[in-house]
Amino acid sequence: MCVALPGQVKKLRPDGVALVDFNGNMVEAQAGLVRVKEGDWVLVHAGCIIQTMRSNEAEELIDIFREVERFGH
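Described below are features of the structure shown in this document. (Residues numbered from 1 in each chain as written. Predicted model: local features only at pLDDT ≥ 70, side-chain atom pairs only at ≥ 80, totals over all residues. Heavy atoms only, no water.)

**Looking at the layout of surface pockets**
Here is step 1 of the chain: Of the voids in this model, the largest pocket is the one considered here, and its volume is about 210 Å³.
Here is step 2 of the chain: In terms of lining, the largest pocket is formed by Leu5, Pro6, Phe22, Asn23, Ile62, Phe65, Arg66 and Glu69.
Here is step 3 of the chain: Contributing elements (two or more residues each) for the lining of the largest pocket: strand 1 (5–12) and helix 1 (55–72).
Here is step 4 of the chain: Along the lines of polarity and charge, the residues of the lining of the largest pocket split into 5 nonpolar, 1 polar and 2 charged. (1 Å grid on protein atoms, 1.4 Å probe; cavity = no way out; pocket = protein on both sides within 12 Å on 5 of 7 lines; lining within 4 Å. Points joined across faces, edges and corners; volume = space filled by probe spheres on them. Helix = DSSP H or I, 4+ residues; strand = E, 2+ residues; numbered from the N terminus. Nonpolar A, V, L, I, M, F, W, Y, C, P; charged D, E, K, R; others polar.)

**Let's talk about the pattern of salt bridges**
Here is step 1 of the chain: This structure, assessed with the given rule, holds 6 salt bridges.
Here is step 2 of the chain: Here aspartate 15 ties to arginine 13 by a salt bridge, and the two come within 2.8 Å at their closest N and O atoms.
Here is step 3 of the chain: Taking the shortest distance from any N to any O, the salt bridge between glutamate 57 and arginine 54 comes out at 3.3 Å.
Here is step 4 of the chain: Classification of arginine 54 by relative accessible area gives exposed; the value is 57%.
Here is step 5 of the chain: A single salt-bridge network, built from bridges that share partners, covers Arg13, Asp15 and Glu28. (Salt bridge = Lys/Arg side-chain N within 4 Å of Asp/Glu carboxyl O. Buried < 20%, exposed > 50% of the residue type's maximum accessible area, 1.4 Å probe, protein only.)

**Examining the environment of asparagine 23**
Here is step 1 of the chain: Along the chain, asparagine 23 falls in the loop between strand 2 (17–22) and strand 3 (25–30).
Here is step 2 of the chain: Judged by relative accessible area, which is 65%, asparagine 23 ranks as exposed.
Here is step 3 of the chain: Taking C-alpha positions, asparagine 23 is 8.8 Å from isoleucine 62, a pair spaced 39 residues apart along the chain.

Functional significance is not addressed by these values, which are geometric in nature.
Written out as structure tokens, the structure reads:
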């Protein structure tokens with residue numbers, strides 16, 4: 001199963017790589033598929049930003065993942 005994770009773009013480099021914050025974990029992701037800017041909430045799959053989203057949508061997904069993690073152990 002493949003899962004796209006929500007995160008927030010903290011920095012966008014000129015080479016099209018974004019620094020994305022996943023709950024305090026900073027990860028580089030390719031931003032060439034979608035137009036993004038610093039501060040945007042995004043979905044990242046396989047190292048690529050595949051979608052932008054509203055903050056309330058991102059927070060809802062983050063809450064769902066927390067619940068899954070909590071009950072998955």
